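Residue-level structural notes
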Amino acid sequence: MTLSAERIVLGVSGGIAAYKAPDLVRRLREAGAEVRVVLTQGARAFVGPLTFQAVSHQPVHTDLLDPAAEAGMGHLELARWADRVVIAPATADCLARLAAGLADDLLTTLCLATEAPITVCPAMNHVMWRAAATQDNLATLVQRGIDVIGPEEGSLAEGESGPGRLTEPAEVVRRLIAAPAAPRTAGHAPKSGPLAGRHVLITAGPTREAIDAVRFIANRSSGRMGFALAAAAQASGARVTLIAGPSTEPTPTNVERIDVETALEMHAATLARASASDLFIAAAAVADYRVADPVTHKLKNSREQQTLALVANPDILRDVAALPNGPFTLGFAAETEALEEHARHKLTAKGLDMIAANRVGDGMGFEVADNTLHVLWPDGAVTLGPATKGQIAHDLLTIAGEQLDGAG
Ligand code: PMT
């Protein structure tokens, strides 16, 4: 699939990551899109309009009240022309202005005036990203049906490290292709249901940890349990973001799906969104370890014994549970024995609000259509099933929703 004939307005706001925006324009055009660029005043301090004009092959739009521009394609024409508006990079200031509904420059006015779906790709300093004001603004935008891509973890321009890097242009294009432009109402949570107004973030499926160019370490998770939870949360009125490891399960209707492959990618994608969510459910079977030095070529068969050095992956669930003002956290515990004892230990050790103990092995838990869960929280416990994963997902969300409401 491509972005063939899609008309994209690319808004660029004023951060250092603006230097990557011309590459994004180039890649969007390679994918078949027609691109019109709108620069904020701040963006022009980093990259000039001529650069964007050269890569987009179109005039660049900078001013709200430019008579020449209004005579050609003014802000309302641009707003109507767009099949999709993408803002990359979206600075903290840009997110705040969008959340406040300001209309004092071309980009914000255009966003108010368009009915096209809007995707923001935040990029900023990691402390600014984690700031409560930024996360509140993001939650407001997500609530209004605006899609978010990134930011990613990594080293930042100012020499520090953390979440805040602009998602690489190739990945932004891949995500836009994977999520075809749909009216902004699609993806909105239904207005009613026990989780109406809530943002639920779910991890699902396995992760793959590369050994070499063609081999990887993975596990038997199909994604079924996590995808069933995403469908059930959407049906309960929530806005749902599903961060999925490799899985052939179909994306539930009106669920935002973000595909990842490795535990590190799942960690970055989850932590970038966790603070803006109300309920986090960790149904993924995340690799506890990755190969220390995966090689980029295919390893030769030497017929000799080989040893793989492994390093620990970050614990996504533990890191979300440790966030200040983080979401209600519901973890899973896949166990082959001493189910409740191990699950209760994980509940406490990872600082969770609730845990679902899942007996696995001998044809249970992984891959199969049915499941049984022993759900534990600090002052309660209940067994769900055996039943289909769809039914279990519905029942689990009912319990989690009650506890979430109780937690305020
Ligand atoms: O996908 P299916 O085929 O439908 O199978 C469903 C399932 C069996 C995978 C699912 O119901 C399940 O039990 N998922 C959790 C699997 C697991 O990794 O459990 P764990 O006990 O190893 O991990 C405990 C918790 O920490 C889990 O919520 C896990 O998502 C999370 N974790 C673990 C490691 C890590 N690095 N980061 C994490 O977030």
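Computed from a prediction, not measured in an experiment: that's the story for all the values here.

The next thing to look at is the overall build of the protein chain. When helices and strands are tallied, the protein chain shows 15 helices and 19 strands. If you line up the protein chain on its principal axes, its C-alpha atoms span 75 × 60 × 35 Å. Taken across its 408 residues, the protein chain has 51% of its residues classed as buried. When the accessible surface of the protein chain is summed, it comes to about 18,200 Å², and 52% of that surface belongs to carbon and sulfur atoms. Seen as two clouds, the 35 positive and the 46 negative side-chain charges of the protein chain have centres 4 Å apart.

Now for the site of the ligand. In the vicinity of the ligand, 26 residues are found, and the nearest of them are Ser 221, Ala 284, Lys 346, Asn 358 and Glu 367. Measuring from an oxygen atom of the ligand, one finds a backbone N or O atom of Gly 223 at 2.8 Å. Contact distances for the ligand include 3.1 Å between an oxygen atom and a backbone N or O atom of Ala 334. Calculation on the ligand without its partners gives an accessible area of 780 Å², and the protein chains cover 95% of this total. Within the residue set of the shell around the ligand, elements represented by two or more residues are helix H11 (224-235), helix H13 (316-321) and strand S16 (328-335). Considered class by class, the residues forming the shell around the ligand number 13 nonpolar, six polar and seven charged.

This paragraph deals with the pattern of salt bridges. Summed over the entire model, instances satisfying the criterion amount to 21 salt bridges. A network of salt bridges, in which partner residues are shared, links Asp 23, Arg 26, Arg 27 and Glu 30.

A cluster of nonpolar side chains, namely Ile 16, Tyr 19 and Phe 46, defines an oily patch on the protein surface of about 340 Å² accessible area. For Tyr 19, the location among the structural elements is in the loop between strand S1 (7-12) and helix H1 (21-30).

Moving on: the sheet that holds strand S19 (residues 380-388). Spatially, eight strands are ordered S12-S11-S8-S13-S16-S17-S18-S19 in an open sheet, and the strand pairing comes out mixed. Single-partner strands in this sheet number two, and they are strand S12 (256-259) and S19. Taken over all neighbouring pairs, the strand axes of this sheet differ in orientation by 15 degrees on average, direction set aside. Relative to S19, strand S18 (residues 370-377) runs antiparallel, the two sharing seven bridges. Along S19, the bridge assignment pairs Val 375 with Val 382.

Our focus in this paragraph is the environment of Asn 325. Tracing the sequence through the fold places Asn 325 in the loop between H13 and S16. A sequence separation of 65 residues divides Asn 325 from Val 260, and the C-alpha atoms of the two residues are 26 Å apart.

The next subject is the packing of aromatic side chains. The full count for this structure, using the stated rule, is zero aromatic pairs. The positively charged end of Arg 36 is found above the aromatic ring belonging to Trp 81, 5.4 Å away from the centroid.

With that out of the way, let us pick up the sheet that holds strand S5 (residues 147-148). With parallel pairing, the five strands of this open sheet are ordered in space as S2-S1-S3-S4-S5. The outermost strands of the open sheet, each flanked by one partner alone, are strand S2 (34-39) and S5. Bridge count between S1 and S2: six bridges; the pairing is parallel. Its bridge partner lying in S2, Ile 8 is registered against Val 35.

Here is what the cut-offs are and how they apply
Residues numbered from 1 in each chain as written. Predicted model: local features only at pLDDT ≥ 70, side-chain atom pairs only at ≥ 80, totals over all residues. Heavy atoms only, no water. Helix = DSSP H or I, 4+ residues; strand = E, 2+ residues; numbered from the N terminus. Buried < 20%, exposed > 50% of the residue type's maximum accessible area, 1.4 Å probe, protein only. Areas by Shrake-Rupley, 256 points an atom, 1.4 Å probe, with all protein chains shown as cover. Lys, Arg positive; Asp, Glu negative; His and termini not counted. Charge placed at Lys NZ, Arg CZ, Asp CG, Glu CD. Near = heavy atom within 4 Å. Polar contact = N/O pair within 3.5 Å; in protein donor to acceptor, adjacent residues only side chain to side chain. Nonpolar A, V, L, I, M, F, W, Y, C, P; charged D, E, K, R; others polar. Salt bridge = Lys/Arg side-chain N within 4 Å of Asp/Glu carboxyl O. Patch = residues over 30% accessible without salt bridge, like charges linked within 9 Å, V, L, I, M, F, W, Y side chains within 5 Å. Pairing = 2+ DSSP bridges. Axes fitted to C-alpha atoms, helices over the stretch in contact; angles between N-to-C directions. Phe/Tyr/Trp six-rings, centres within 6.5 Å; stacked < 30°, edge-to-face > 60°. Lys NZ or Arg CZ within 6 Å of the ring centre and 35° of its normal.

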